[in-house]
Amino acid sequence: MLTALEQYDPQICELIKQEKARQAGCIRMIPSENYVSKAVMTATGSCLTNKYAEGYPGKRYYEGQQITDLIEDIARQRAVKVFGSDHANVQPYSGSIANMAAYMALVKPGETIMGLSLPDGGHLTHGWKVSATGKLFNSVQYTVNPETGRFDYDQIAELAKKNKPKIIISGATAYTREIDFKAFSEIAKSVGAYLISDIAHIAGLVVGGVHQSPVPYADIVSTTTHKTLRGPRGGMLLCKDEHKIAVDRAVFPGMQGGPHLHTITALAVALAEADTPEFKLYAKQVVSNAGVLAEKLMEYGFELVSGGTDNHLILIDMRNKGIPGKKMAKALDRAGIVTNCNTVPADPAPPFNPSGVRIGTPAVTTRGMKEEQMIEIAKLYKEVAENIDDTETIEKIGKKVKLLCSEFPIPDHFIVS
């Protein structure tokens, strides 16, 4: 029988099928991408997409909230449990909205915030000049040490002392080492600043116990709900009790209207999956895979920012290979290995054609790949770099990729206890 989508819009249905085949037949190594379970996907596409629910459980502007209140409460309770926080707001539409709401909860427009520079691995919403966060607030940007690719906490402390920010943001979108949230907390306290920790990339690693948690140290923790957490596309805020009223008001009505209940429902499912021994094993394997992949890439002469990784993410500086980052990413994509070009610290190249390639292991680990496959994947990177302009060889590498993918089909379900 035809599905409703096949019957009503066969063109879109066909494109969805093609995208599903693409995801199955390539090695997805963009560190912010992953696969969700069929349970999470089912919840995302449920009837909850039909319901408006402006406000919060017990205090809505629309009637008919008998079920939605229960679901949002469950999602909040599960978030509080797995992260160990006092309070959770599960309504932000995205990590960017969550970050802006976190700032608005604590300071006023025009006041000073301090975050990691975008070219050094920060996010647009950490106060970068083209973002609303860089326009609404007086933004000061710290950097990594260009020689080590790591945070210099003494240097960050000096910058904070000089600029007296009201908020310090700890977190990154392309930082390959474990972040010392306690050190950031001490810096913030020394200048009377709030600490906001953006763990969008590492939330799953925090829940899995393979990365330090910022919850004991930060006033507010911001995160996306996908990436390593393996949930739907959305955002979330965790905070101490003293900030929960301000945080909730900043999200609604401050930043957005009705929450996306289908996303919150799927998040509740993902949080249940994360609260299992199997998820902890997954997080541990993500980090182990990244470590093995990094070591092998360096053996093949690839230069890695910071000399390796502590988490799920690897940043390759392609300058010693004489290959621009975008050219390498495009060649990898033709071979069926999906990455993204990325700036590296003190990058002399322009942002649209940077020197680096950013890769990660969350999605391949979800498919069941382990250290042995990371060694194989590193060799594929080497072959692509050595044959960057050889179309025929790139096609042959693509066949190897498809063969590897066929050994590790996308799982429909994740084992939960």
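Worth saying up front: this structure is predicted, and the values here are computed from it rather than measured. (Residues numbered from 1 in each chain as written. Predicted model: local features only at pLDDT ≥ 70, side-chain atom pairs only at ≥ 80, totals over all residues. Heavy atoms only, no water.)

Peer 1: Help me understand the sheet that holds strand 7 (residues 167–171) in this model?
Peer 2: Each strand in a sheet pairs with its neighbour through backbone hydrogen bonds, running either in the same direction (parallel) or in the opposite one (antiparallel). In space, the 7 strands of this open sheet follow the order 4-10-9-8-7-5-6, with mixed pairing throughout. In this open sheet, the two edge strands, each paired with only one partner strand, are strand 4 (87–89) and strand 6 (138–142). With strand direction ignored, the average angle separating the axes of adjacent strands in the sheet is 20°. (Pairing = 2+ DSSP bridges. Helix = DSSP H or I, 4+ residues; strand = E, 2+ residues; numbered from the N terminus. Axes fitted to C-alpha atoms, helices over the stretch in contact; angles between N-to-C directions.)

Peer 1: How do you make sense of the nonpolar core when you look at a structure like this?
Peer 2: Soluble globular proteins tend to bury their nonpolar side chains together. By size, the foremost hydrophobic cluster in this structure holds 47 residues, and its most contacted members are Phe83, Phe151 and Ile168. Looking at this core, you find at least three residues from each of domain 1 (41–275) and domain 2 (278–407). The residues touching Phe151, leaving out its near neighbours within four places in the chain, are Leu116, Tyr142, Val144, Ile156, Tyr175, Ile179 and Phe184. By size, the runner-up hydrophobic cluster in this structure holds 34 residues, among which are Ile377, Tyr381, Ile397 and Cys405. (Core = buried A, V, L, I, M, F, W, Y, C linked by side-chain atoms within 4.5 Å. Buried < 20%, exposed > 50% of the residue type's maximum accessible area, 1.4 Å probe, protein only. Domains from an automatic or database assignment. Contact = heavy atoms within 4.5 Å.)

Peer 1: Looking at this model, I keep getting lost on the domain arrangement of the chain. Mind explaining?
Peer 2: You can read the domains of the chain as domain 1 (41–275) and domain 2 (278–407). Its C-alpha centre places domain 1 at a distance of 28 Å from the equivalent point of domain 2. In this assembly, 26 residues from domain 1 lie in contact with 26 residues from domain 2. The contact between domain 1 and domain 2 buries some 2,100 Å² in all, and 57% of this surface belongs to carbon and sulfur atoms. When the area that domain 1 buries against domain 2 is broken down by residue, the three leading residues are Thr176, Arg177 and Arg230, summing to 29%. Our count for the domain 1 to domain 2 interface comes out at 1 salt bridge. Measuring nitrogen to oxygen at the nearest pair gives 2.9 Å for the salt bridge that ties Asp310 to Arg177. Across the domain 1-domain 2 interface, the total number found is 13 residue pairs in polar contact (both at pLDDT 80 or more). Listing elements by their share of the side of domain 1 that touches domain 2, those giving two or more residues are helix 9 (203–207) and helix 11 (261–274). Of the residues forming the side of domain 1 that touches domain 2, the biggest block, 3 residues, is contributed by helix 9. (Buried area = accessible area lost by both parts, 1.4 Å probe. Salt bridge = Lys/Arg side-chain N within 4 Å of Asp/Glu carboxyl O. Polar contact = N/O pair within 3.5 Å; in protein donor to acceptor, adjacent residues only side chain to side chain.)

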